[in-house]
Amino acid sequence: VQLQASGGGLVQAGGSLRLSCVASGRPFSNLALGWFRQAPGKEREFVSAITRSGGSTTYADSVKGRFFISRDNAKNTVSLQMNSLKPEDTAVYYCAADNYDYSGYGKVRSKPVYWGQGTLVTVSS
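Not measured: the values here are computed from a predicted model. (Residues numbered from 1 in each chain as written. Predicted model: local features only at pLDDT ≥ 70, side-chain atom pairs only at ≥ 80, totals over all residues. Heavy atoms only, no water.)

1. Section: the overall build of the chain
- Check the secondary structure of the chain and you find zero helices and 11 strands.
- Computed over C-alpha atoms, the radius of gyration of the chain comes to 13 Å, within 12% of the 14 Å expected from 2.2 N^0.38 for 125 residues, which places it in the range of a compact globule.
- Oriented by its inertia axes, the alpha-carbon framework of the chain measures out at about 40 × 25 × 25 Å.
- Here the chain holds 125 residues, and 44% of them are scored as buried.
- Taking all contacts inside the chain whose residues are at least 6 apart in sequence as the whole, residues at least 24 apart take part in 59%.
- Total accessible area on the chain stands at roughly 6,200 Å², and carbon and sulfur atoms take up 48% of it.
- Both charge centroids of the chain, one from 14 positive and one from 8 negative side chains, sit 4 Å from each other. (Helix = DSSP H or I, 4+ residues; strand = E, 2+ residues; numbered from the N terminus. Rg over C-alpha atoms; globule rule 2.2 N^0.38 Å. Buried < 20%, exposed > 50% of the residue type's maximum accessible area, 1.4 Å probe, protein only. Contact = heavy atoms within 4.5 Å. Areas by Shrake-Rupley, 256 points an atom, 1.4 Å probe, with all protein chains shown as cover. Lys, Arg positive; Asp, Glu negative; His and termini not counted. Charge placed at Lys NZ, Arg CZ, Asp CG, Glu CD.)

See the structure below:
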């Protein structure tokens, strides 16, 4: 599976950005999808995930209510709408994918098999 992320950039605190990730190489509807991020000097952390059907989503507490994940199976795309951005959201954001299991998520929330390249999000105060 190849994952290509885009949409990062520089935004002021309180602003919004939308990240997108296009997947190829495997039937998209068989994949659970997610986003992780890594801030300077910190470990990579889970941000959000969505099941293969799109019927269930999950978020890290730090972004709950501000970030929204969605997928378009017709366009092989997963998106992350980020609102009310804070300086602490500054990080390189990675999209990820895993094969689904009975939960619908596979291991995409913890140890996804497939990773995209990162896209940098910088939030200025």
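Resuming the write-up.
2. A short note on the pattern of salt bridges
- By the definition in use, this model includes four salt bridges.
- Ionic pairing is found between Asp89 and Arg37, a salt bridge with its closest N-O pair at 2.9 Å. Remark: Arg37 occurs in strand β4 (residues 31–38) and Asp89 occurs in the loop between β8 (77–82) and β9 (91–99); sequence separation between them is 52 residues. The burial state of Asp89 is the same as that of Arg37; both residues are buried.
- The network of salt bridges with shared partners includes Arg37, Glu45, Arg66 and Asp89. (Salt bridge = Lys/Arg side-chain N within 4 Å of Asp/Glu carboxyl O.)

3. Examining the sheet that holds strand β1 (residues 2–6)
- Sheet architecture is open: four strands sit in the order β1-β3-β8-β7, paired in antiparallel fashion. Each edge of the open sheet carries a strand with a single partner, namely β1 and β7 (67–72). Each adjacent strand pair in this sheet contributes to an overall mean axis angle of 15°, direction not counted. (Pairing = 2+ DSSP bridges. Axes fitted to C-alpha atoms, helices over the stretch in contact; angles between N-to-C directions.)

4. What to know about the nonpolar core
- Grouped together as the largest cluster of nonpolar side chains are 37 residues, with contacts concentrated most on Trp35, Phe67, Leu80, Met82 and Tyr93.
- Counting residues per element, the ones that place at least two in this core are β1, β3 (17–24), β4, β5 (45–50), β7, β8, β9 and β11 (119–124).
- With residues near it in sequence (within four places) discarded, Tyr93 still touches Leu19, Trp35, Phe36, Arg37, Val47, Phe67, Leu80, Met82, Gln117, Gly118, Thr119 and Val121. (Core = buried A, V, L, I, M, F, W, Y, C linked by side-chain atoms within 4.5 Å.)

5. Quick word on the pairing of β9
- In terms of burial, β9 is largely enclosed, as seven of its nine residues are buried.
- The pairing of β4 with β9 spans eight bridges and is antiparallel. Within β9, the residue paired with Leu33 across the bridge is Ala97.
- As paired strands, β9 and β11 are joined by three bridges and run antiparallel to one another. Paired with Tyr93 across the bridge in β11 is Thr119.
- Here β9 runs beside strand β10 (residues 114–115); their pairing, made up of two bridges, is antiparallel. Along β10, the bridge assignment pairs Ala96 with Trp115.

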